[in-house]
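Examination of the molecular architecture
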Amino acid sequence: MKKETFKKITNHEAFKLAAVILSALFLITVSIILFDDIAFDNRIFIYVLFGTIALTGFLYSFSLTGKNTWVMLSFGTTRKEIYKKYLLDSLLALLVSVLLAAYYMIIYYLVYHDLLITEVFDFHEVAFLPLVYLMLSFLGFFLGMVKMNRNVFYVLSGAIVVALVLVIIYYSIANWLNYLLLGCAFLFGLANYFLFMKYKL
Amino acid sequence: MAYLQIENLIMEDYTINLEIENGESVGVFARRKKTVSDFLKIASGINPGKGCFHDGKEIYDNRKYFQNRIFMDFSHTYLTTLRISAISETLRNKYGLSFNKEKFVRIGKDLNIRGETMIGEQYKFTPAGNTFVNYALAQALEKPNIVILNPTHGLNLPEDIDLISRGITAGGAFNTALIGIDRLKAFRGRLHKILLFSDFGTAHVLGAGERLIVFPKEFEPEHPLFLGSEKVIALAGYERDELRKLHKNKIYHELISVYDIEDHL
């Protein structure tokens, strides 16, 4: 009986999420010290974090509308519920990532308090990356709806990753670009909702 | 009030009127499989279509309607395992569904699903095994209303076909069944109504016992349904005198059951 209860708790989604977050917090703390020893670029963690969720969000959204929506609708979930859950999941992933990034910056400041946070991290970049995640997630959702060829999609995913890395390395992110991305993400999310409610499977 | 009311639904060239009462099993047949599939998607509320009502409300994306029905295409692979705990967890986490484990296991044993499975990292079912698994899942989910496409997909043995067709139309297991028929003969005597999509852009709802008439291809009947390579099948709305006249003029004609359509195409 005890074993069953334990299994039930450990199988719960909330438990899994909490375990992942705690592990991430621990690894962030350790990595800050290790990164200093090998003189690594301190911003690399932020890039990796948001780069990973952006790509995951892109693939997840594509597979949601391309394949999973069909079965969800067949088994009794309505389109409204699917979209609502998708938005909540996306925002939750974004929130967790932002919190992890903030935790990283705070710990960094506490360990190396001779530097100001703004001297180490470019906040335009820090705001830019979550917005890229939102845009890519919505783009994946849209491409899944229009049933883009899977191979073309994977080539596109690779191209997007390369483009993102180049933008981060060679261009400084201006404020206007962030506002533009925010506006586009909002409009894209809205357009996706209306398309999703109408498109035929 | 009917469980599902379809009034003047326009799909492709067809105008469809259909009522499904509680306790009824209704078959859907067309030459083009896509027509049947498109209709079932509309009738299950998955795709938009004007004129479909449940409890007086449009069924498209209707939460109440969705909660009491399940749509399954038996040619599709829904499960890649027979491990009950894994199925149960996936159904709960992904779709918020519960299922009757005992029923699933019992049906699985009755149909010898394991005999139709290659067990590796993922379970690979034969086409018949896949249909059996889907059937067991449809039963174990215990939704009152089902919409099934390709119900006998991959089945060859008459007893298997009979078992599945009986199982998805039996009044006790489900309140209503809307079935996209892939083999008409298998459903002889099991349906209350059949919706036929003709080759001529018309849709007709026939009673289970209704008869059709077959003519040579050259003949032009009043209400043609299907055009075969040598014959044309039509609605049998002919009076006794008219039939006698056909006989007298030596025009070949044959009255057939709706379940025998495929024999004449």
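Residues numbered from 1 in each chain as written. Chains lettered and ligands numbered in written order. Predicted model: local features only at pLDDT ≥ 70, side-chain atom pairs only at ≥ 80, totals over all residues.

**Side note on the overall build of chain A**
A count of helices and strands for chain A gives eight helices and zero strands. Overall, chain A shows an N-to-C arrangement of helices and strands of α-α-α-α-α-α-α-α. Across its three principal directions, the C-alpha atoms of chain A cover 60 × 55 × 30 Å. For chain A, buried positions account for 24% of its 201 residues. Nonlocal contacts in chain A, meaning residues at least 24 apart in sequence, comprise 90% of its contacts between residues at least 6 apart. (Helix = DSSP H or I, 4+ residues; strand = E, 2+ residues; numbered from the N terminus. Buried ≥ 20, exposed ≤ 12 C-beta atoms within 10 Å, placed from the backbone. Contact = placed C-beta atoms within 7 Å.)

**Topic: the interface of chain B and chain A**
Taken residue by residue, the interface counts 16 residues in chain B and 15 residues in chain A. A class-by-class count of the residues in the side of chain B that touches chain A yields nine nonpolar, three polar and four charged. (Nonpolar A, V, L, I, M, F, W, Y, C, P; charged D, E, K, R; others polar.)

**Some points on the domain arrangement of chain B**
All names here are of chain B. Partitioning chain B into structural domains gives domain 1 (4–197) and domain 2 (210–264). Domain 1 and domain 2 are separated by 32 Å when their C-alpha centres are compared. Taken together, the contacts link seven residues of domain 1 with six residues of domain 2. Along the lines of polarity and charge, the residues of the side of domain 1 that touches domain 2 split into four nonpolar, no polar and three charged. (Domains from an automatic or database assignment.)

**Things to note about unusual backbone geometry**
Residue and element names in this part refer to chain B. Backbone geometry places aspartate 61, a non-glycine residue, at a positive phi of 55°. Looking at where aspartate 61 falls in the secondary structure, it is placed in the loop between β5 (57–58) and α2 (63–67). Using a count of 18 C-beta atoms within 10 Å as the deciding quantity, one classes aspartate 61 as partly exposed. Of note, the phi angle at lysine 250 is positive, near 55°, even though the residue is not glycine.

**Regarding helix α6 (residues 158–169) of chain B**
Residues and elements named next belong to chain B. A rise of 1.5 Å per residue sets the reference length of α6, with its twelve residues, at 16 Å; its end C-alpha atoms lie 16 Å apart and thus fit the reference within 8%. Every buried residue belonging to α6 is among Ile164, Ser165, Ile168 and Thr169, and all of these are buried. Taken around the axis of α6, the buried residues stretch over an arc of 115°, which confines them to a single face. At its buried positions, α6 is contacted by β3 (25–30), α5 (127–140), β9 (145–149) and β10 (176–180). (Expected span 1.5 Å × (residues − 1). Arc of directions from axis to C-beta.)

**A short note on the pairing of strand β13 (residues 211–216) of chain B**
Where a strand is regular, its side chains alternate between the two sheet faces. Residue and element names in this part refer to chain B. Bridge analysis of β13 against strand β16 (residues 254–257) gives four bridges, and the strand direction is antiparallel. Paired with isoleucine 213 across the two strands is leucine 255, which belongs to β16. Sheet analysis places β13 next to strand β15 (residues 231–235), joined by five bridges and oriented antiparallel. Paired with isoleucine 213 across the bridge in β15 is alanine 234. (Pairing = 2+ DSSP bridges.)

**Considerations on helix α4 (residues 79–111) of chain A**
The end-to-end C-alpha distance of α4(A) is 48 Å, a good match for the 48 Å that 33 residues give at a rise of 1.5 Å each. By the burial criterion, the buried members of α4(A) are Arg79(A), Tyr86(A), Ser90(A), Ser97(A), Leu100(A), Tyr104(A), Met105(A) and Tyr108(A).

**Quick look at the pairing of β10(B)**
Residue and element names in this part refer to chain B. Burial analysis of β10 places five of its five residues in the buried class, which makes it a mostly covered element. Residues Thr176, Leu178 and Gly180 of β10 are buried on one face, and the alternating residues Ala177 and Ile179, pointing to the opposite face, are buried as well. In the sheet, β3 pairs with β10 via four bridges, with the strands oriented parallel. Bridging from a neighbouring strand, serine 25 pairs with alanine 177 of β10. Note that β9 and β10 share five bridges and pair parallel.

**Re the nonpolar core**
Membership of the largest hydrophobic core comes to 76 residues, with the highest contact counts inside it found for Val28(B), Leu40(B), Ala43(B), Ala136(B), Ile148(B) and Leu178(B). Not counting the four nearest positions on each side in its chain, Val28(B) is found in contact with Val36(B), Phe39(B), Leu40(B), Leu178(B), Ile179(B), Gly180(B), Ile181(B) and Leu195(B). Formed by 28 residues, the second largest nonpolar core is a distinct cluster that contains Phe62(A), Leu64(A), Leu100(A) and Tyr133(A). (Core = buried A, V, L, I, M, F, W, Y, C linked by C-beta atoms within 7 Å.)

**What to know about the packing of helix α3 (residues 44–74) of chain A against α4(A)**
Residue and element names in this part refer to chain A. For the pair α3 and α4, the least separation of the axes is 11 Å and the interaxial angle reads 170°. Considered as vectors, α3 and α4 are oriented roughly antiparallel to each other. Here Phe45, Ile46, Leu49, Phe50, Ile53, Gly57, Leu64, Thr69, Met72 and Leu73 of α3 lie close against α4, whose contacting residues are Arg79, Ile82, Tyr86, Ser90, Ala93, Ser97, Leu100, Ala101 and Tyr104. In the contact of α3 with α4, the residues fall into 14 nonpolar, four polar and one charged. (Axes fitted to C-alpha atoms, helices over the stretch in contact; angles between N-to-C directions. Parallel < 35°, antiparallel > 145°, perpendicular 65-115°, else oblique.)

**Notes on the environment of Pro144(B)**
All names here are of chain B. By the element assignment, proline 144 lies in the loop between α5 and β9. A residue is classified by how many C-beta atoms lie within 10 Å of it, and proline 144, with 14 of them, is partly exposed. Put simply, proline 144 and arginine 69 are 75 residues apart on the chain and 6.4 Å apart in space, counted from C-alpha to C-alpha.

**Remarks on the sheet that holds strand β6 (residues 69–73) of chain B**
Sheets are built from strands paired through backbone hydrogen bonds, the pairs being either parallel or antiparallel. All names here are of chain B. Spatial ordering of the open sheet is given by β6-β9-β10-β3-β11-β12, a layout of six strands whose pairing is mixed. Looking at which strands have only one partner, the edges of the open sheet turn out to be β6 and β12 (203–207). Here the strands of the sheet are splayed against their neighbours by 15° on average, with no regard to which way each runs. In this structure, β6 lies alongside β9, joined through five bridges in parallel fashion. Each bridged residue has a counterpart across the sheet, and for methionine 72 the counterpart in β9 is isoleucine 148. Strands β3, β9 and β10 of the sheet are contacted by α6, whose axis makes an angle of about 135° with β10.

**Things to note about the sheet that holds β15(B)**
All names here are of chain B. In space, the four strands of this open sheet follow the order β14-β15-β13-β16, with antiparallel pairing throughout. Unpaired on one side and paired on the other, β14 (224–227) and β16 mark the two borders of the sheet. Pairwise comparison of adjacent strand axes, ignoring direction, gives a mean angle of 35° for this sheet.

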